[in-house]
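# Coordinates in review
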Amino acid sequence: MPPQATLQPAAPAFDVKVDFSLTINGRKHSFSVEPWVTLLDLLRERLDLTGSKKGCDHGQCGACTVLVDGKRINSCLKLAVTLDGSEITTIEGLADGDRLHPLQQAFVEHDAFQCGYCTPGQICSAQGLINEGRARTAAEIRELMSGNLCRCGAYTNIVDAVEEVVRQGALHKEAAE
Amino acid sequence: MIPFSYIRAGSADEATAAGKEPATWFLAGGTNLIDLMKETVERPARLVDINQLPLDQIETLPGGGLRLGALARNADTAYHPTVEADYPLLASAILAGASPQLRNAATNGGNINQRTRCYYFYDVATPCNKREPGSGCGAINGVNRIHAILGASDQCIATHPSDMCIALAALDATVQVTGPAGQRSIPFADYHRLPGDNPSKDNTLQPGELVTAIDLPDGKFTKNYTYLKLRDRLSYAFALVSVAVAMKLEGGAISDLRVALGGVAHKPWRRPEAERQLLGRAPDDAAFSEFADALLDGAVGQGENDFKIPLARKAIQRALRQAAAGTPQSQVDKRIA
């Protein structure tokens with residue numbers, strides 16, 4: 001028996017939208033959308049938050065990286081309905097008004113991008129890396145940024161930029177202690 | 001993605017009742033399933049979202065050992081203080097796999113249920129006995145550089161892609177499941193299966209059965225262990241060959257040994273009888289060479305992956321030396337000591 005025969009829908013309930021809410025960049029949103037809408041498509045197509053990029057759409061390039069409750073994930077592989085109640089931070093939510101986020105500033109200063117397509121994902125991923133607190137050395141940063149590809153090959157400067165912000169954070173932490 | 005209906009399970013009973021219906025899949029982290037659905041490799045009529053179930057704890061078991069909740073994320077597991085302290089082989093293997101983003105989303109239950117990365121399984125334009133039973137195998141006599149050298153069948157030469165599972169096999173973990181017929185425990189060696197004449201089935205779960213936890217036994221391997229992973233690039237690639245070693249030494253001799261291979265078969269590859277042969281022996285090159293031959297006994301290349309046999313042989317010996325020396329492979333500095 002071909003597998004398609006067993007894959008027919010049990011009931012044609014496909015018009016059912018699902019209600020849920022998310023806090024996105026500090027603002028609460030309520031949604032009623034189809035369950036197959038990914039977080040990435042929700043952000044880009046329904047909220048016009050087009051900073052998060054659809055690179056590969058298969059969790060291989062990292063261009064869609066956002067923070068969910070402070071943790072970095074590939075938004076292309078996450079169904080939005082499964083995140084009810086979560087807090088999402090995208091690249092649009094990092095700057096403080098006109099003041100760039102330290103990672104954004106460091107990427108500018110270190111020339112850490114060429115075309116810029118991977119940059120929102122790189123920066124959100126770097127913020128996730130900082131939240132995790134596991135990377136201190138350049139080698140650790142390289143390993144823990146390996147989920148973000150850059151086809152222009154700006155890796156050297158990306159590592160420099162992230163390393164600077166990681167080091168600033170460590171200094172601030174020392175000063176606080 | 002092909003439309004499907006969606007249910008949010010409020011309890012494990014609700015999940016398993018819904019999960020036993022045809023063409024129904026459990027959804028946890030989604031890092032593999034959503035990808036496969038985009039490729040139309042998986043075409044569920046219904047998804048049962050289990051993310052609300054209270055299965056994300058990591059807790060010490062009353063009789064010793066550690067219970068890893070099925071919904072605990074891979075990253076939270078690898079970085080859990082007890083896992084880091086008592087099960088460093090597992091932490092190392094998890095951190096050798098995927099990317100930080102994927103490890104943050106992927107769950108422990110999902111990791112053991114992930115499907116092969118065989119190119120033909122993913123490409124719905126080609127035949128694949130795993131995806132479409134009876135259609136044939138594109139990998140046999142095809143592009144098979146990443147495929148199996150052990151335990152394959154004439155219907156399927158796919159490999160299991162997980163790193164975490166290789167450590168779980170070496171650590172003699174137990175998979176806890178619940179289902180329409182109640183709860184049961186599955187020894188890790190019996191959880192995944194070889195392709196045989198039914199490659200569409202990756203594991204021994206019955207319809208509706210849900211993984212609730214993975215238990216690690218009390219036996220800790222905190223000094224003489226390693227996870228050595230060889231791949232086409234240094235990070236974020238599946239293993240061509242990987243080796244998990246858990247060893248104990250007493251008075252200059254091997255007193256306990258578990259070795260599992262990844263990237264070479266449809267399931268983590270172990271030969272307990274070969275491990276027993278090394279007990280009481282000195283941890284030297286002669287013993288390691290004999291063991292590598294025994295573990296790889298019957299290995300067959302498919303053409304493009306013939307290199308995996310000598311690669312695995314060397315990797316096993318190197319991993320055993322790393323474990324015996326108490327110098328586990330770093331997952332940051334990829335130079336092989």
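Residues numbered from 1 in each chain as written. Chains lettered and ligands numbered in written order. Predicted model: local features only at pLDDT ≥ 70, side-chain atom pairs only at ≥ 80, totals over all residues. Heavy atoms only, no water.

### Some details on the overall build of chain A
The helix and strand inventory of chain A stands at 5 helices and 5 strands. Counting from the amino terminus, chain A carries its helices and strands in the arrangement β-β-α-β-β-β-α-α-α-α. Out of the 177 residues in chain A, the part that is buried amounts to 47%. Considering only contacts within chain A whose residues lie at least 6 apart along the sequence, 55% involve residues at least 24 apart. Of the accessible surface of chain A, which amounts to about 8,700 Å², a share of 49% is contributed by carbon and sulfur atoms. (Helix = DSSP H or I, 4+ residues; strand = E, 2+ residues; numbered from the N terminus. Buried < 20%, exposed > 50% of the residue type's maximum accessible area, 1.4 Å probe, protein only. Contact = heavy atoms within 4.5 Å. Areas by Shrake-Rupley, 256 points an atom, 1.4 Å probe, with all protein chains shown as cover.)

### Section: the packing of aromatic side chains
In this description, an aromatic ring pair is defined by two values, namely the gap between the centres and the angle between the planes. Scanning the model with the defined rule gives 5 aromatic pairs over all chains in all. The residue whose ring lies beneath B:Lys248 is B:Phe221, and the NZ or CZ to ring-centre distance is 4.5 Å. (Phe/Tyr/Trp six-rings, centres within 6.5 Å; stacked < 30°, edge-to-face > 60°. Lys NZ or Arg CZ within 6 Å of the ring centre and 35° of its normal.)

### Things to note about the packing of helix 12 (residues 285-295) of chain B against helix 13 (residues 308-325) of chain B
Residue and element names in this part refer to chain B. Where helix 12 contacts helix 13, the axes come no closer than 9 Å and their chain directions differ by 135°. The pairing of helix 12 with helix 13 is recorded here as oblique in orientation. Between helix 12 and helix 13 lies a crossing of right-handed hand. Packed against helix 12, whose contacting residues are Asp285, Phe288, Ser289, Phe291, Ala292, Asp293 and Leu295, the element helix 13 presents Arg313, Ile316, Gln317, Leu320, Arg321 and Ala324 at the interface. (Axes fitted to C-alpha atoms, helices over the stretch in contact; angles between N-to-C directions. Parallel < 35°, antiparallel > 145°, perpendicular 65-115°, else oblique. Left-handed = near helix turned anticlockwise from the far one by under 90°.)

### What about the pattern of salt bridges?
Residues and elements named next belong to chain A. Taken as a whole and judged by the stated rule, the model has 29 salt bridges over all chains. Among the ionic pairs, glutamate 34 bridges to lysine 17, the shortest N-O distance being 3.9 Å. With a gap of 17 residues between them, glutamate 34 in the loop between strand 2 (27-33) and helix 1 (39-46) and lysine 17 in the segment before strand 1 (18-24) connect regions that are remote in the sequence. Take glutamate 34: its relative accessible area is 18%, and that puts it in the buried class. According to the relative accessible area criterion, lysine 17 is partly exposed, its value standing at 45%. In this structure, the salt-bridge partner of arginine 72 is glutamate 132, at a minimum N-O distance of 2.8 Å. Here the residue arginine 72 occupies a position in strand 4 (residues 71-74), and glutamate 132 occupies one in helix 3 (residues 119-132), the gap between them amounting to 60 residues. (Salt bridge = Lys/Arg side-chain N within 4 Å of Asp/Glu carboxyl O.)

### Focus: the interface of chain B and chain A
Counting residues at the interface gives 43 residues for chain B, matched by 42 residues for chain A. Carbon and sulfur atoms make up 56% of the area that chain B and chain A hide from each other, which totals about 3,500 Å². Three residues, B:Lys38, B:Gln101 and B:Tyr236, lead the burial of chain B against chain A; their summed loss comes to 18% of the area buried on that side. Run the count over chain B and chain A and you get 5 salt bridges. For A:Lys71, the salt bridge identified is with B:Asp76, shortest N-O distance 2.9 Å. At the junction of chain B and chain A, the tally comes to 15 residue pairs in polar contact (both at pLDDT 80 or more). (Buried area = accessible area lost by both parts, 1.4 Å probe. Polar contact = N/O pair within 3.5 Å; in protein donor to acceptor, adjacent residues only side chain to side chain.)

### Some words on the sheet that holds strand 4 of chain A
The strands making up a sheet are joined through hydrogen bonds of the backbone, oriented either antiparallel or parallel. Residues and elements named next belong to chain A. Read across the sheet, 5 strands follow the order 2-1-5-3-4 without closing on themselves; strand pairing throughout is mixed. Looking at which strands have only one partner, the edges of the open sheet turn out to be strand 2 and strand 4. Taken over all neighbouring pairs, the strand axes of this sheet differ in orientation by 40° on average, direction set aside. In terms of strand pairing, strand 1 meets strand 5 (residues 87-89) through 2 bridges, oriented parallel. By the bridge assignment for strand 5, isoleucine 24 is matched with isoleucine 88. Helix-sheet contacts for helix 3 involve strand 3 (65-68) and strand 4, and the interaxial angle to strand 3 is about 35°. (Pairing = 2+ DSSP bridges.)

### Thoughts on the confidence of the model for chain A
Chain-level pLDDT for chain A is 92 on average; 90% of the residues reach the 70-or-more range. Taken together, the stretch residues 1-12 of chain A has pLDDT below 50 and engages in 16 contacts with residues farther than four places along the chain or on a different chain. (pLDDT = per-residue confidence, 0-100.)

### Looking at the domain arrangement of chain A
All names here are of chain A. Domain parsing of chain A yields domain 1 (7-93) and domain 2 (102-176). When each unit is reduced to the centre of its C-alpha atoms, the spacing between domain 1 and domain 2 is 24 Å. Tallying the contact residues gives 15 residues for domain 1 and 17 residues for domain 2. Buried area between domain 1 and domain 2, both sides added, is near 1,200 Å², and the carbon and sulfur share of it is 55%. Taken together, the connections running from domain 1 to domain 2 amount to 1 salt bridge. (Domains from an automatic or database assignment.)

### Section: the environment of B:Arg103
Among the structural elements, B:Arg103 can be located in helix 6 (residues 100-105). Note: C-alpha distance between B:Arg103 and B:Gln155 (52 residues apart in sequence) is 32 Å. Setting aside chain neighbours within four positions, we find B:Arg103 in contact with A:Leu144, B:Arg73, B:Asn74, B:Ala75, B:Ile94, B:Leu95, B:Gly97 and B:Ala98.

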